[in-house]
There are 2 protein chains.
Amino acid sequence: VTDRVCYACGATGAGARCACGEPLWFETDPEAVAGWPETPEPSLWRYRALLPCDPPAGLGASVGGTPLVRAPRLDADVGGAAVRVKFEGAHPTGTFKDRGTAVGVAGATAAGRDVVATVSHGNMARSVAAHAASEGLDCVVCVPADVPAERLTAIARHDPTVLRVEGDYGRLYEAALAAGRETGVAVLNSDTPLRVAGQKTTGLEVLERSSPDAVVLPVSSGGHASGLWKTVREAVAAGLVDAPPRLYLAQAAGCAPIAEAFARGDETVRPVDPGETVAYSIANADPPSGARALAAARETGGAVVAVDDDAVLDARAALAERAGLFVETSCATPLAAARDLAARGEVGPDEEVVLVATGTGYTERDVGDAPTPDAEVVGLDGVADAMRAAGDRAP
Amino acid sequence: VTDRVCYACGATGAGARCACGEPLWFETDPEAVAGWPETPEPSLWRYRALLPCDPPAGLGASVGGTPLVRAPRLDADVGGAAVRVKFEGAHPTGTFKDRGTAVGVAGATAAGRDVVATVSHGNMARSVAAHAASEGLDCVVCVPADVPAERLTAIARHDPTVLRVEGDYGRLYEAALAAGRETGVAVLNSDTPLRVAGQKTTGLEVLERSSPDAVVLPVSSGGHASGLWKTVREAVAAGLVDAPPRLYLAQAAGCAPIAEAFARGDETVRPVDPGETVAYSIANADPPSGARALAAARETGGAVVAVDDDAVLDARAALAERAGLFVETSCATPLAAARDLAARGEVGPDEEVVLVATGTGYTERDVGDAPTPDAEVVGLDGVADAMRAAGDRAP
């Protein structure tokens, strides 16, 4: 596939345009076309045998199959390890939450429920509202009464019923589960069994396509970490991996109850007074699966690491500038943590490391400083000189 | 996979929590795990035999494999046809541009170039800057001197060299190609051969996973439409499809030079004075592949359709409220066009229709009216009643 041909006059040529003025494209061999690959739909439902229900009819049937991106220019950041980024921002609503929601909504539908609910004013709310919309279920989203307007707008685009709940937001998680039991509404909170079954598929995809020594992911409620741990346990039980990966969980230092419990050697997590952090979407002061997350880190030989805001913002910039990935601020915590782990020798130069970037940066408004480009102003006749100068600067 | 078990004490239970207080998860069968599927990486490089170069080392190697989402609640909008949405917003930088960029950057690298460039102040600029960042190439982005600050910020996160070019932006496209020829910089504009080779893979994935009668996509420069047409021609030449899909191209009425040429029966496109439209990212007044786009629509038995802004915003809301997909405003033009086509009988109730949603809505700031949720305020003890009321309202 190297000949450039004009669709209009049939002539071959070089560059972008034919002598006749029309654009060129590459000629291909019909024999090669006949041999094109037929790969199965790469959704998470290829793991149906490991999931509790069948796929839903709409959006949730296509969730999963996110890219595992090689990031060679970040290897040096992690002591020379081979770095890959599992980019969960590729999901329809921009985060890993769609996995748990897909299985949760499918399970609720299979059980005959016609209303689903969740407690969240961020990624999970948007995800549950979107999937319910696709299936034609009603959806109740419980948010704190003082939710920021821009986040409410993003949720409201999928037209759920929104409850602004006054009172202790920390108690709302369990209160909603209780209300679900009372009313028959399927409450898909962040660490419920259906959701964790869906979140497990992040790990299945990572282990299907790579053999990491370490997997680093942000931790908030502990639901996603539980899912990854479940994958590792299943893979070990089935004899699929000889050396299962160590699970490292990253928190922002401003709100790090699981990291603090890990440092103390505790088996359970004490609630903390939440501080401010740029990684606000993982600032969970009283994580419902905190103990399970601690077990996940400890039993796989990993750790729970707290990183400060400057390190998080610097890692976010590194992901954009050297891996081409602009992630949600909280999703830069794994790179910040991996840098620390490499510095203290917990990750070695011959290892493979997977950083789980749980969401795209496009869903949040500017957090931290926005970059100011060093932009030169030129006329049309100055473009070639400016390109030449860029070439002279290139490595 | 139906038993819920406690990771901590091993007891089985129902609901979200074990009697011991810890969360439950679903038990699985190690035999089923041992049989987990091994699917090839679903990136566009599975079509290597149809592409002009090998994959790059970083980000571009993982591009493609976006979901083809079934949207049953939109069928009635399109006269009862079965509607699927090819969701290109799943790409790393949020749009279909990553396909062309991945092949373009790989081709430039294979040709020994160390600088890539593009003309854009939107999706393509962000995409080229991101992929160049991942590969360690320098990148020159040519933007108009009066580019909106928020778009420049999004581009600047990947640290390219930015040229603010004064003068006629319409002439910059060809001026940049000429400067590239003069300086050896690889200019990856929207309809260049490498880019069209990459964009072709949208069509390959659609035809690999479905047999649509009609494919509807937004058209701007005509590069993506050219890629889809290339796919159809290749599939026909190889005998892979009996009845190739008709290609329908959608423009916003405010800037619709290709639709106007189609309506006139012309074979080439006359530049227009661009009007305002909410679908600003496809408002191309002088499309470089306009004639090729016209040929694509005509030779496949399709059409080029212009839709007004109200129809575009209404279609965007329908995609969010009934398919769970929040798309870039310009990417709602295919649903608006498909509604018109169904209304005039050009798409039939027994047909399969694929709408190409070329980008996520999260990359743009609020365009058009933001929804205001009808939010009820309740206390913690009012959550169950509110859920019950939602259940009573459910369909």
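Per chain, residues are indexed from 1 in the order of the written sequence. Lettering of chains starts at A and numbering of ligands starts at 1, both following the order in which they are written. Side-chain atom pairs in this predicted model are given and counted only at pLDDT of 80 or more, local residue features only at pLDDT of at least 70, and totals for whole chains, interfaces and linings cover all residues. Calculated side-chain values reflect all of the structure's heavy atoms, with hydrogen atoms and water omitted.

It is worth spelling out the pattern of salt bridges at this point. Residues and elements named next belong to chain A. We define a salt bridge as a contact between a side-chain nitrogen of Lys or Arg and a carboxyl oxygen of Asp or Glu at a distance within 4 Å. Inspection of every chain in the model, using the stated rule, returns 46 salt bridges over all chains. D314 is the partner of R339 in a salt bridge, and the nearest nitrogen-oxygen pair spans 2.8 Å. Of this pair, R339 sits in helix α11 (residues 333-343) while D314 is found in helix α10 (residues 309-322), placing the two residues 25 residues apart along the sequence. With relative accessibility at 45%, the residue D314 sits in the partly exposed group. A single salt-bridge network, built from bridges that share partners, covers R46, K86, E88, R99, E205, E208 and R209. Secondary structure elements follow DSSP: runs of H or I no shorter than four residues count as helices, runs of E no shorter than two count as strands, and numbering proceeds from the N terminus. Here the term buried applies to any residue with accessible area under 20% of the maximum for its type, exposed to any over 50%, and partly exposed to those in between, with areas from a 1.4 Å probe on protein chains only.

Once that is clear, we can look at the packing of aromatic side chains. For Phe, Tyr and Trp, where Trp contributes only its six-membered ring, two rings pair if their centres lie within 6.5 Å, and the inter-plane angle classes them as stacked under 30 degrees, edge-to-face over 60, or tilted in between. As enumerated under the stated definition, the model contains eight aromatic pairs over all chains in all. What links up through ring pairs into an aromatic cluster is the set Y7 and W25 of chain A together with W229 of chain B. Sitting over the face of the ring of W229 of chain B, R233 of chain B holds its NZ or CZ atom 4.7 Å from the ring centroid. Each ring is checked for a lysine NZ or an arginine CZ that lies within 6 Å of its centre and within 35 degrees of its normal; such an atom marks a charge sitting over the ring.

Turning our attention to the sheet that holds strand β13 (residues 352-357) of chain B. Residues and elements named next belong to chain B. The criterion for strand pairing is that DSSP finds at least two bridges linking the strands in question. The mixed open sheet is built from six strands, whose spatial order is β4-β5-β13-β10-β11-β12. Lying at the two open borders of the sheet, with one neighbouring strand each, are β4 (68-70) and β12 (303-307). Sheet twist, expressed as the mean angle between neighbouring strand axes with direction ignored, is 25°. With five bridges connecting them, strand β11 (residues 246-252) and β12 associate as parallel partners. Each bridged residue has a counterpart across the sheet, and for A252 the counterpart in β12 is V307. By definition in these notes, contact holds between two residues if any of their heavy atoms fall within 4.5 Å. As a rule, the C-alpha atoms of each element are fitted with a line to give its axis, helices using only the stretch in contact, and angles between N-to-C directions run from 0 to 180 degrees. Along the sheet, helix α8 (residues 257-264) makes contact with β11 and β12, crossing β12 at roughly 125°. The sheet contacts of helix α11 (residues 333-343) involve β10 (214-218), β11, β12 and β13, and relative to β12 the element is tilted by about 110°.

Residues and elements named next belong to chain A. Where strand β7 (residues 138-144) and strand β8 (residues 161-166) come together, five bridges link them in parallel fashion. Pairing of V141 across the sheet is with V162, part of β8. Clockwise travel from the first strand over the helix to the second, with the strands pointing away from the viewer, marks a crossover as right-handed. In terms of handedness, the path from β7 via helix α4 (residues 149-156) over to β8 forms a crossover that is right-handed.

Okay, the relation of the copies chain A and chain B next. Residues below a pLDDT of 70 in either copy are left out; the C-alpha atoms of the rest, at least 70 in both, set the least-squares superposition of the copies. Expressed as a screw transformation, the operator carrying chain A onto chain B has a rotation angle of 180° and an axial translation of 0.0 Å, and the superposed copies differ by an RMSD of 0.0 Å. Such a turn and shift between the copies fits a two-fold axis. Among all residues of chain A, the minimum C-alpha distance to the rotation axis is found for A90 of chain A, at 2.1 Å. Of the residues that chain A buries at the interface, 100% are likewise interface residues in chain B, meaning the two copies contact each other through the same surface.

What follows is about the interface of chain A and chain B. Taken together, the contact pairs 143 residues of chain A with 143 residues of chain B. Buried area counts how much accessible surface, traced with a 1.4 Å probe, disappears from two parts once they are put together, with both parts' losses summed. Between chain A and chain B, roughly 12,300 Å² of surface is buried when both sides are summed, and carbon and sulfur atoms account for 65% of that area. Of all residues in chain A, W25, R157 and Y362 of chain A bury the most surface against chain B, accounting for 8% of the area lost on that side. Its salt-bridge partner being R388 of chain B, residue E182 of chain A comes within 3.0 Å of it at the nearest N-O pair. Polar contacts here mean pairs of N or O atoms no more than 3.5 Å apart (in protein, one a potential hydrogen donor and the other a potential acceptor; neighbouring residues in sequence count only if both atoms are side-chain atoms). Between the two partners, chain A and chain B, sit 26 residue pairs in polar contact (both at pLDDT 80 or more). Among the elements that line the side of chain A that touches chain B, the one with the most residues is helix α5 (residues 169-183) of chain A, at 11 residues. Classification convention: Asp, Glu, Lys, Arg as charged; Ala, Val, Leu, Ile, Met, Phe, Trp, Tyr, Cys, Pro as nonpolar; all other residues, Gly among them, as polar. Looking at the side of chain A that touches chain B, its residues break down into 81 nonpolar, 22 polar and 40 charged. In this structure, β8 of chain A lies alongside strand β14 (residues 376-379) of chain B, joined through four bridges in parallel fashion. When the bridges of β14 of chain B are listed, V165 of chain A appears paired with V378 of chain B.

Attention now goes to the packing of helix α12 (residues 383-393) of chain A against helix α5 (residues 169-183) of chain B. In the contact formed by α12 of chain A and α5 of chain B, the axes pass within 9 Å of each other and the chain directions differ by 45°. Here α12 of chain A lies oblique to α5 of chain B, going by the angle between them. As for the relative orientation of α12 of chain A and α5 of chain B, their crossing is right-handed in sense. Residues V383, A384, M387 and R388 of chain A of α12 of chain A pack against L172, A176, A179, G180, E182 and T183 of chain B of α5 of chain B. When grouped by side-chain class, the residues that make up the contact of α12 of chain A with α5 of chain B number six nonpolar, two polar and two charged. To sort the angles, those under 35 degrees are grouped as roughly parallel, those over 145 as roughly antiparallel, those from 65 to 115 as roughly perpendicular, and the leftovers as oblique. In this scheme the handedness of a crossing depends on how the near helix is turned from the far one: anticlockwise by less than a right angle means left-handed, clockwise means right-handed.

Our next topic: the sheet that holds strand β14 (residues 376-379) of chain A. Pairing is parallel across the open sheet formed by five strands, whose spatial order is β14(A)-β8(B)-β7(B)-β6(B)-β9(B). Two strands close off the open sheet at either side, each with one partner strand: β14 of chain A together with β9 (186-187) of chain B. Across the sheet, α5 of chain B touches β6 (115-119), β7 (138-144), β8 (161-166) and β9 of chain B, and the angle it forms with β6 of chain B is around 160°.

Residues and elements named next belong to chain B. Within the secondary structure, N189 is located in the loop between β9 and α6 (193-209). As for N189 and P288, which are separated by 99 residues in sequence, their C-alpha atoms are 9.9 Å apart. In contact with N189, other than residues within four places in its own chain, are T118, V119, M124, Y173, A176, L177 and R195.

It is worth spelling out the confidence of the model for chain A at this point. On average, residues of chain A score 94 in pLDDT, and 99% of them reach the 70 mark or higher. Note on the complex model: pTM 0.96, ipTM 0.95. The pLDDT score gives, residue by residue, the confidence of the prediction method on a 0 to 100 scale.

On to the side chain of R316 of chain A. One can find R316 of chain A in helix α10. His residues and chain termini do not enter the charge count, which takes Lys and Arg as positive and Asp and Glu as negative. Summary of buried charges: R316 of chain A has no salt-bridge partner, and the nearest side chain of opposite charge, E364 of chain A, is 4.1 Å away. Side chain to side chain, R316 of chain A and T329 of chain A meet in a polar contact 3.0 Å long. Each residue touching R316 of chain A, except ones within four places of it in the same chain, is listed here: F326, V327, T329, A332, E364, V367, G368 and D369 of chain A together with R157 of chain B.

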